[in-house]
Amino acid sequence: MLNTFVRRLGQAVIVLLAVALLLFVMLRIIPGNPVTTMMGEHADSATIERMTREMGLDQPILTQFFQYLLGAVRGDFGTSYSLKKPVAELMGAALGNTVKLAVFASLFAWVTGILCGVLAAVRKNSIPDRLFMGFSLLGVSMPVFVTAMVLQYVFGYLLRWLPISGAESWTSFILPAIALGWNSAGSIARLVRSTLLGVLEEDYIDTARAKGRTPLGVLTRHALRNAMLPVITMMAIQFSGLLSGAVITETVFSINGIGQLTVRAISGRDIPLMQGTVLFAVTIVILGNLAADSLYSVLDPRIRKGG
Amino acid sequence: MKKLISILLVIMLLAAGAAAAEVEEGLLRIAVLYEITTMDVTETSDDYFVPMNVYERLFETRPSPAGAQVEKSLCTDVQISEDGLTYDFTIADGVVFSNGDPLTASDVKFTFERLLKVNKMNTDIPSEVAGSDELTGGTADSLSGFVVKDDTHFTVTLKAPNAGFLAELSSPVMSILDEKSVTAAANFGSDPKDTIGSGPYVIKEWAANDHYILEYNPKWRGEKPTVTKVIVYAIKEAATQSTKFQAGELDLLDLQSLDTMVVEQTYKTQYADRIVEVPQAGQIFLAMNENNEFLKDINVRKAIGMAIDVDGIIAGIYSGNAARENGIIPAGVWAHNDQLEGYSYDPEGAKQLLAQAGYASGQVHFELAMDSNAQTDIQTVYAAIQQMLQEVGINAEIKSYEHSAYLEKRRTEGIDCAIAKWLMDYNDPANIMYTFFGSAENTKQRSLNYPDTEVMARVAAAPAIVNDDARLAEYQALEKKIVREDAAWIPLLEGRHLYCMGDRVQSFTPQWAGFTDFYVTDVVLK
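Because the structure is predicted, anything quoted here is derived from the model rather than measured.

Asker: Provide a residue-level description of the overall build of chain B, including the pertinent values.
Answerer: For chain B, the count of helices and strands is 17 helices and 20 strands. Compactness check: chain B gives a C-alpha radius of gyration of 25 Å against a globular reference of 24 Å for 526 residues, within 12% of the reference. Seen through its principal axes, chain B has C-alpha atoms that stretch 80 × 75 × 40 Å. Buried positions account for 50% of the 526 residues belonging to chain B.

Below is the structure:
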């Protein structure tokens, strides 16, 4: 198992390097000039050309790439063109909010999704089943920005219960976590329901019942435990997705996180910041997948034994 | 389940208590779509809120019933030589920065020199001073045209006369810095503790991409304002700003970025008595590249001017919150000519002009380039103009470019035609005239490629006309020549900038200039 993990880790590093190179080249060959964007309307061509030289943007792409890699190894991801601060510092400041949002949203998604999925499965084809599945379908199909604005209007404006935007206290994260987590909750609920229904028809469930286990015991100790395998994989991947930046949610709720930083980087053609945020997102997704694979093999003895 | 619901309710009530907390006395809460990127004016042409409120300038441009006026600020007296080259300044005695250090003539000189030494942007104004080329070129250590006599007196000698020089000095770019704190700063512009000015506020906190806080500077020489603390939130979603304002979480809302329908149906009805509006001090116009095979023909350009129904655009897209412009110098700016005749909407006349040019059967086609960052109203104007041109037989294809690609294409390859916007930085016609028609480089950089070098020479020389009447006449003649005779610029409109005051605000006087930043001292709380 250790060998598998090391092999996967090696693959992850190669993927990361390939993405870094691809990103680096792409950002430099697309039309436009970051210096022109940075200098705005008040700089002449001579100044733009001088600044291009001073920032080293006239050097060959490979030279720039290796300089970037050398810096990155030392933790120096360059300085943001638009915010004039080190990329590492900006991302460090934004990461806390993104982690909080990802954790709150995941907790909401996991608890709500699993509860709805289980209740829908055990009350198959009943009114609660239809209600819970309706709830999950709404979460999956409603755009996040619509959910966000409805929540802001109802709980922020009409009821005045929760802050409309910002990240000043933990209460500020409740609405964004619901807006962001509802979509994941819907997917989880549907997956839990379908896998649980499949597992409940297995022979070993009948055996457990025949042995006199209580319905709750059968559900929790036998059925749910087996039904959760694909769900856990999905949860790990979803969590890594949330951690790499919830662009729309962070923008609508004005949360200074990785997602909002990414938007800023793209709109301002801020190459160092774009590289930093995109590479961070890629790293998190790779690690998330790695974690999901590892978790799966821990939970499923057949995979652990190379089955 | 009941227990869970009870816990949730308690949490909600606690949160509600937090949200409904009493607002601190003297606090002003505002939001901006794009937060500041720096507090250093040598690095920005957008982020003026901190410079305007933390620093002071020798002069300030202030709104008045008679139009925007340049008023003395740090400067208490100025004597100008007859040839318009030499300015003897006296600055107020006893002015101190927020750290207690005195503001002297040396700080003013340092400010001029620093803009030139950093040499990134905003160098236009100090470049007018004698010796600026030597300083920028590295052959001199100091600005020879700036002589400090004592702590409160200095002389500035210009390379050429410029009647708009004092207006230029009111630009936020010319905020007077504290030499000592700037020199000692490791990375000036990014740390509030280094941002030391003599203005009414000090910056206390800046959380990048989130918010920043200003507090009253007790060492400021002016009368204590009612606003003693300002929180500026960076909220990129205009709808979120609007919801926060309506929930009482913001005290002043800039309506410019909101959808016109929301402004009309919500703010102009429910908050009608709370709206403050000013002309935008700038204009939206049609820029045409005279290197284009069709647009180089004056009849085609004039036909375009006649094909556009500006009044229809103002009524339909701006719901009347804009005024027609007929020239280059916008209303509210010195030398604006409200007698200048504009293009009449005349599609039949436009067709006749096209026929005279040999394009009677719809041969004229070009690209209408659009910056992807263009605001919704501008995007709608694009669509409307495309339709209007189509009606007279001109095929203008709208092509959207990513912001950076747009700027670069405009600067290097050139774009055919675009709807552009220019907002005034200071109250002098040179700010717009010179930028677009002052030199071959300027006109090329903005894809106009205006060919008349004689007119360009006159535009470049106009600031040197010391006599105000003569300068006014020259600018108005130049404007008439460029717009009416050469049809090199199709004026469209000047928007109105609307703000909505919250319940805690008693009055607000917006800044006259094109940029959205304002003096916080112009907000009076109840």
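Asker: Give me the lowdown on helix α13 (residues 403–411) of chain B, citing residues and values where you can.
Answerer: Buried within α13(B) we find Ser404(B), Ala405(B), Tyr406(B), Leu407(B), Glu408(B) and Arg410(B). Buried-residue contacts for α13(B) involve α2 (34–39) of chain A together with β15 (365–371) and β16 (395–401) of chain B.

Asker: Report on the packing of helix α14 (residues 430–437) of chain B against helix α16 (residues 453–461) of chain B, specifying residues and quantitative values.
Answerer: Residues and elements named next belong to chain B. For the pair α14 and α16, interaxial distance at closest approach is 9 Å and the crossing angle is 145°. Where α14 crosses over α16, the two elements pack in a sense that is left-handed. For the pair formed by α14 and α16, the contact residues are Met433, Tyr434 and Phe437 on the first element and Val455, Met456, Val459 and Ala460 on the second. Broken down by class, the residue content of the contact of α14 with α16 amounts to 7 nonpolar, no polar and no charged.

Asker: Residue-level account of the nonpolar core, with values.
Answerer: Counting residues in hydrophobic clusters, the biggest one holds 219 residues, and the most contacted among them are Val192(A), Leu252(B), Ala307(B), Cys417(B) and Met433(B). A total of 14 residues in this core trace back to one element, the largest contributor, which is helix α8 (residues 174–200) of chain A. A domain-level breakdown of this core finds at least three residues from each of domain 1 (2–73) and domain 2 (95–304) of chain A. Filtering out sequence-adjacent residues up to four positions away, Met433(B) remains in contact with Ile328(B), Gly438(B), Val459(B), Ala462(B), Tyr475(B) and Leu478(B).

Asker: Describe in detail helix α7 (residues 238–246) of chain B, supporting the description with residues and values.
Answerer: Helical geometry: 3.6 residues make up each α-helical turn, so side chains three or four residues apart lie on a common side. Burial analysis of α7(B) places 7 of its 9 residues in the buried class, the great majority of the element. Taken together, the buried residues of α7(B) touch α7 (144–158) and α11 (247–252) of chain A together with β1 (27–32), β11 (252–254), α8 (260–270) and β18 (489–501) of chain B. In the segment just after α7(B), Gly248(B) is the residue with positive phi, at about 80°.

Asker: Lay out unusual backbone geometry in plain terms, naming residues and giving numbers.
Answerer: Despite not being glycine, Arg160(A) has its phi angle at roughly 55°, a positive value. We note that Ser447(B) has phi near 60°; this positive angle belongs to a residue other than glycine. Within the secondary structure layout, Ser447(B) lies in the loop between α15 (440–445) and α16.

Asker: An account of the confidence of the model for chain B is requested, with residue identities and associated values reported.
Answerer: A residue-level look at chain B finds 96% of positions with pLDDT of 70 or above and a mean pLDDT of 91. The ipTM assigned to the predicted complex is 0.76, against a pTM of 0.83.

Asker: Tell me about the sheet that holds strand β5 (residues 86–91) of chain B, and please be specific about residues and values.
Answerer: Consider a sheet: its strands pair through backbone hydrogen bonds, and that pairing is either parallel or antiparallel. Residues and elements named next belong to chain B. Strands sit in the order β4-β5-β7-β6 across an open sheet of 4 strands; the sheet is antiparallel. The open sheet has two edge strands, β4 (75–80) and β6 (146–150), and neither has a second partner. Sheet twist, expressed as the average angle between the axes of neighbouring strands with direction ignored, equals 20°. One ladder, built from 5 bridges, connects β5 with strand β7 (residues 153–157); its direction is antiparallel. Counted as the bridge partner of Thr90 is His153 from β7.

Asker: Requested: an account of the environment of Phe108(A), with residues and values cited.
Answerer: Residues and elements named next belong to chain A. Looking at the element boundaries, Phe108 is found in helix α5 (residues 87–122). Residue class for Phe108 comes out partly exposed when judged on the 19 C-beta atoms lying within 10 Å of it. On a C-alpha basis, the gap between Phe108 and Ile174 in space is 9.3 Å, while along the polypeptide they are 66 residues apart. The residues contacting Phe108, other than those within four sequence positions of it, are Ala177, Ile178, Gly181 and Ala185.

Asker: Give me the lowdown on the domain arrangement of chain A, citing residues and values where you can.
Answerer: Residue and element names in this part refer to chain A. Once the domains are mapped, chain A shows domain 1 (2–73) and domain 2 (95–304). Each of domain 1 and domain 2 has a C-alpha centre, and these two points are 33 Å apart. Mapped onto the side of domain 1 that touches domain 2, the elements with two or more residues apiece are α1 (2–29) and α2. Take the side of domain 1 that touches domain 2: its biggest share by element is 11 residues, from α1.

Conventions we followed
- Residues numbered from 1 in each chain as written.
- Chains lettered and ligands numbered in written order.
- Predicted model: local features only at pLDDT ≥ 70, side-chain atom pairs only at ≥ 80, totals over all residues.
- Helix = DSSP H or I, 4+ residues; strand = E, 2+ residues; numbered from the N terminus.
- Rg over C-alpha atoms; globule rule 2.2 N^0.38 Å.
- Buried ≥ 20, exposed ≤ 12 C-beta atoms within 10 Å, placed from the backbone.
- Contact = placed C-beta atoms within 7 Å.
- Axes fitted to C-alpha atoms, helices over the stretch in contact; angles between N-to-C directions.
- Left-handed = near helix turned anticlockwise from the far one by under 90°.
- Nonpolar A, V, L, I, M, F, W, Y, C, P; charged D, E, K, R; others polar.
- Core = buried A, V, L, I, M, F, W, Y, C linked by C-beta atoms within 7 Å.
- Domains from an automatic or database assignment.
- pLDDT = per-residue confidence, 0-100.
- Pairing = 2+ DSSP bridges.

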